[in-house]
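# Observations on chain architecture
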Amino acid sequence: MIFHIGYLILITAAVLAVFGMIAGFWGGRQRNVKLALSSYHAVYAVAGLVSLAAAILWYALLTDRFEVAYVWNHSERALPVFYKFSALWGGQAGSLLFWLLILSGFGAAAAFANRRRHWALMPYVNAVMLGTSLFFAILLIFAANPFRLASFVPQDGQGLNPLLQNYWMVLHPVMLYLGYVGLAVPFAFAVGALLSKRLDNEWVRTVRRWTLIPWMFLSAGILMGSQWAYMELGWGGYWAWDPVENASFLPWLTATAFLHSIVVQEQRGILKVWNVTLIWMTYFLVILGTFTTRSGVLESVHSFARSDVGPFFLVFMVIILFGFLWLLFKRLPLLRDEQAIESYTSREAAFMANNWLFAGIAFATLWGTFFPMFSEILTGDRISVAAPFFNKVNGPLFLLLILLMGAAPLLGWRRTSRQAFRKQFTWPTLIGAATGVAIWLLYDAGYPAIGLAACAFAAATIVQEYVRGVQARRITSGESIPAAMGNLWRRNGRRYGGYLVHLGIVLIATAVIGNEFFQQNTNVTLANGESVTLGRYEIAYTGLEPNRKVNHIEYGARLMIFDQKSGKTLGSILPRRNIYDKTPEQPTSEVGLRMTLLEDVYVVLNGWETGGSTATFTMYVNPLTIWMWIGGLVLVLGTLVASWPHPGRRRSEAAASIAYAVGSAGD
Amino acid sequence: MPMIVAAVVAGLLSLAAVVYVVWPLLRPGPAPVVVEDDRLTELVGRKDAALAAIKDLEFDYYTGKLSDEDYARLDQRLRRQAIGLIQQIEKLAPESAVMDERLEAEIARLRKTRNGAGEVTPQPSRPEAVQAAASPADVATAQKPQQPAPGGAETPRFCTECGQPLQPSYKFCAHCGAPVASASPTPAPHT
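Reading guide: rules and limits
Within any chain, residue numbers begin from 1 and follow the written order of that chain's sequence. To label them, take the chains in the order written and letter them from A, then take the ligands in the order written and number them from 1. Local features in this predicted model are restricted to residues of pLDDT 70 or higher, and side-chain atom pairs are both shown and tallied only at a pLDDT of 80 or more, whereas totals for entire chains, interfaces and linings draw on every residue. Excluded from the side-chain calculation are hydrogens and water; included are all heavy atoms of the structure. A run of H or I in DSSP counts as a helix once it spans at least four residues, and a run of E counts as a strand once it spans at least two, with each numbered from the N terminus. Throughout, exposure labels follow a simple rule: accessible area from a 1.4 Å probe, protein chains only, divided by the maximum for the residue type, with under 20% read as buried, over 50% as exposed, and the rest as partly exposed. Accessible surface area values rest on a Shrake-Rupley calculation with a 1.4 Å probe, where residue burial reflects the displayed protein chains alone. Here, a salt bridge means any Lys or Arg side-chain nitrogen found within 4 Å of an Asp or Glu carboxyl oxygen. We call two residues contacting when some pair of their heavy atoms lies within 4.5 Å. In predicted models, pLDDT denotes the confidence assigned by the predictor to each residue on a 0 to 100 scale. Nonpolar cores are built from buried Ala, Val, Leu, Ile, Met, Phe, Trp, Tyr and Cys residues. Side-chain atoms within 4.5 Å join them into one set. Patches in this entry comprise residues that are over 30% relatively accessible and not in a salt bridge; like charges within 9 Å are linked, as are nonpolar side chains (Val, Leu, Ile, Met, Phe, Trp, Tyr) within 5 Å. Pairing between two strands is assigned when DSSP locates at least 2 bridges connecting them. Source of the domain bounds: an automatic or database domain assignment. Buried area adds together the accessible area that both of two parts lose upon being put together, with accessible area traced by a 1.4 Å probe. Polar contacts, as used here, are pairs of N or O atoms within 3.5 Å; protein pairs need one atom able to donate a hydrogen and one able to accept it. Residues neighboring in sequence count only if both atoms are side-chain atoms. Helix span, expected: 1.5 Å multiplied by one less than the number of residues in the helix.

### Points about the overall build of chain B
Looking only at helices and strands, chain B features five helices and three strands. In chain B, the order of α-helices and β-strands from amino to carboxyl end is α-β-α-α-α-α-β-β. Per-residue burial over chain B gives 48% buried out of 191 residues. Accessible area of chain B: about 9,500 Å², with a carbon and sulfur share of 63%.

Shown next, in the form of structure tokens:
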């Protein structure tokens, strides 16, 4: 009974979303306060109803109500509570409801945060957020009802996909959704600015933090996905350029470009058309990514026809595409650049180059992701492009991007004089060159030498920026070094938080280069007591250890690791296979891992014979991998510093509201 | 039977949500209209951007990204731009205040809180650099709207884009071609 309520209130939410959209668009056009307020109320009401629907599905999952088909298909009695909770986003209908939950939550947050500000923009923003909510509500009502009841009451559920029974897999989708869905907010502001013709810097300044926070979640989500792939899938790597990964990476690329180019618009009044286009592309790629992962179109075009949600997505994407282009075309005269770029050695020129590189990487990735689909449609043959394509095309672009990341902050706005140029670039260039030469002499490897030289150059510029920033503060206000450092973050967090993010990216790039060029691996079958040498390690197999868990059995193969030269014991690891009771044909792998700052020993248990007398392993030594995760933490920290509100900004917002007067707006 | 209960509960929840959403429309009286001066909002935004740019430029200079000449030149330009904007805001503010008395009340309230807070310069740690440009802004918004700003009577207007001086009759800047924005027919501040 309660599940019927869940379905019915989703319908109410959809109806209210339609009403709120009309109120928002009409109220924004008329600048009518009553209608505008009604659009705010619609945003809150939709968020409330959707939360209630999600709570009902959670209740069904946690209390094992298998008469609900979704619970039956994605849960079971023996599933740990933690995973029952996360089963909400473990299947199609539930994850669409979760999407809608986060979307309506973001909509309500954006509306609440701006309830007394941006009165010209907000009704439109509410309307766009409600429009997106409406689309997902329609999907849930017509194509993927999470509250559909089975025709009988099953005794037990079929269990959650074993690959998803992992901590990272619980967190990773949440982070990814928070990032993905959150990017709808800046898009809504862009549409609001276009519709209200308020195309000055107001929306750009408001949107910066609403982009940074989802961007942070998206970055963290992508890295957690990599971590999961590294720990669970057991092929020795963290990124395979598969379509689902690319679906999350594409909007990340355009959102990163957007974050950089809005700075240029704010400072110099240029790139206005480019900025609205970028955030629209980001939003489009978010919907496209959701579509590709939901409809199965990338596994085979034919699965598209069988998918329930595919046609809905297609219609929605056409609306976004043409609706936006029409709006952009109508507003083109108002988006004239206010100035021109004065010099190629200026920061805005470097930002432009950065944008081109991001767009290039995004295009190559998009092309590679959809190439199999096009080839199947056009020729009937499915030709996939694999990781080497992406690495060959994107590798050099990323290298240029890292060089630019180092160089851009050193340039001044408008132009950089020769004298300043020399002063800024001497040390970082020397450090980068020295690193490159050292790597080349030590390992006789060209590509990694170039890559690590670029990383060292970028890292050196960041250190130099911090040193000079602290010096500048000490000159002007005579602070102590720690106080100057703290004030750099507090008062100039945008810049110095940004540098921290850059540092995180440099660390991640270093880890990628280490893995790409210096990985060692071997395939080996060991009898109990036998050992093998890999890199500077000797690894010995000492027996199989089965272990019964609540819904599966873990088989772990104990391995001892010794230093090959000294024979000293370094530790033991336990690569495992989990065999789930419900899906024994689909065993999952837990790698055995010994992480150090220099390199990881990474072992996958492939199989064993006769109770573990012999066992087969794939073993890897992965250099520098830990820096990828450390880099991720630095990146998140940097984003928080960059988005933290600081005293100066509050003042300017107060000043901006001088220009308002609302006739009896009430609340 | 349970189906009916479900329908009733869902119906009540939906009704509550619908009433909440249409509530603002049910209030008596004509719909109030947001009085917001787009031009003024834009000018205030631009002024803030110009002040932030002055601050940024100074920081770039101290961290060695600009030569002395470049700094002097660009700083001059940005300051002229900021002053030009501030003068335009002064000109506009009284008119927009007349449009609705509430605006004046709002400004007075904000003025009070802003003065109360005391911290009006964007970066108080280096006041000497920003003060010159920032203080007229605060004077401008804190003053009685009718009173012209100090210097406003003699100083000609400046282009908001490039900071070059403008003749009162200009509709476009002779230097950069940017349209001279003015929401009012008032030609110059000293009339």
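Next comes the rest of the account.
### Side note on the pattern of salt bridges
According to the stated counting rule, one finds 18 salt bridges over all chains in the structure shown. Residue Asp60(B) is joined to Arg495(A) by a salt bridge in which the shortest nitrogen-to-oxygen separation is 3.0 Å. Placement of Asp60(B) in helix H2 (residues 38-62) and of Arg495(A) in helix H19 (residues 493-518) is noted, with the two residues assigned to different chains.

### Describing the side chain of Ser38(A)
Structurally, the position occupied by Ser38(A) is in helix H2 (residues 33-62). A residue is classified by how much of its surface remains accessible, and Ser38(A), at 0% relative accessible area, is buried. Those residues in contact with Ser38(A) that lie beyond four places of it in its chain are Phe19(A), Ala23(A), Val21(B), Val22(B), Pro24(B) and Leu25(B).

### Observations regarding unusual backbone geometry
Residue and element names in this part refer to chain A. With a phi angle near 55°, Asp64 is a residue other than glycine that sits in the positive phi range. Its location among the elements puts Asp64 in the loop between H2 and helix H3 (69-74). Residue classification places Asp64 among the buried positions, given a relative accessible area of 17%. At Leu624, a residue that is not glycine, the phi angle is positive and equals roughly 65°.

### A look at the confidence of the model for chain B
Residue and element names in this part refer to chain B. Predicted confidence across chain B gives a mean pLDDT of 64, with 46% of residues reaching 70 or more. Across chain B, the secondary-structure element scoring lowest on mean pLDDT is helix H5 (residues 127-142), at 35, and the one scoring highest is helix H1 (residues 2-26), at 88. Considering only residues more than four positions removed or in separate chains, one finds that residues 96-100, a stretch of pLDDT under 50, has eight contacts. Within the model, pLDDT remains below 50 along residues 182-191, and this stretch shows 14 contacts once partners closer than five positions in the same chain are excluded. Of the two predicted TM-score estimates for the complex, the pTM is 0.83 and the ipTM is 0.78.

### So, the nonpolar core
Residues and elements named next belong to chain A. In terms of nonpolar packing, the biggest core is built from 161 residues, with Phe98, Trp99, Phe136, Trp203 and Ile287 touching the most fellow members. Once residues lying within four places of it in the same chain are set aside, the contact partners of Trp203 are Leu121, Pro186, Phe189, Ala190, Ala193, Arg198, Phe258, Gln265 and Val276. Core analysis: the next-biggest nonpolar cluster, separate from the first, contains 19 residues, Leu526, Tyr537, Ala557 and Met619 among them.

### Here's the deal with a nonpolar patch on the surface
Where nonpolar side chains cluster on the molecular surface, the patch consists of Ile4(B), Val8(B), Leu12(B), Leu15(B), Val19(B), Trp23(B) and Leu26(B) and spans about 710 Å² of accessible area. Mapped onto the elements of the fold, Val19(B) is located in helix H1.

### Concerning the pairing of strand E9 (residues 599-609) of chain A
As a general feature of sheets, a regular strand has side chains that alternate between the two faces. All names here are of chain A. Summarising burial for E9: eight of the eleven residues are buried, a large majority. Pairing of strand E8 (residues 592-595) with E9 involves four bridges; the strand directions are antiparallel. Across the sheet, residue Met595 finds its bridge partner in E9, namely Asp600. Between E8 and E9, which pair antiparallel in sequence order, lie three residues. In this structure, the hairpin formed by E9 and strand E10 (residues 614-623) is closed by a connection of four residues, where Thr610 is found at a positive phi of approximately 35°.

### Comments concerning the domain arrangement of chain A
Residue and element names in this part refer to chain A. Along its sequence, chain A is organised into domain 1 (1-165), domain 2 (173-336 + 376-395), domain 3 (396-518) and domain 4 (520-626). Domain 1 puts 32 residues into the contact, and the matching count from domain 2 is 34 residues. Summing the contributions of domain 1 and of domain 2, the shared interface buries around 3,000 Å²; its carbon and sulfur component is 80%. For the domain 1 face of the interface with domain 2, the top three residues by lost area are Trp99, Phe106 and Leu121, together amounting to 22%. There are zero salt bridges connecting domain 1 and domain 2. Linking domain 1 with domain 2 are three residue pairs in polar contact (both at pLDDT 80 or more), by the criterion used here. Looking at the side of domain 1 that touches domain 2, the elements with two or more residues in it are helix H5 (92-113) and helix H6 (122-143). The element that contributes the greatest number of residues to the side of domain 1 that touches domain 2 is H6, accounting for twelve residues.

### Observations regarding H5(A)
Because each turn of an α-helix spans 3.6 residues, side chains separated by three or four positions in sequence point in the same direction. Across its 22 residues, H5(A) extends 31 Å between first and last C-alpha, which sits within 8% of the 32 Å expected from 1.5 Å per residue. For H5(A), the buried fraction is high: 17 of the 22 residues fall into the buried class.

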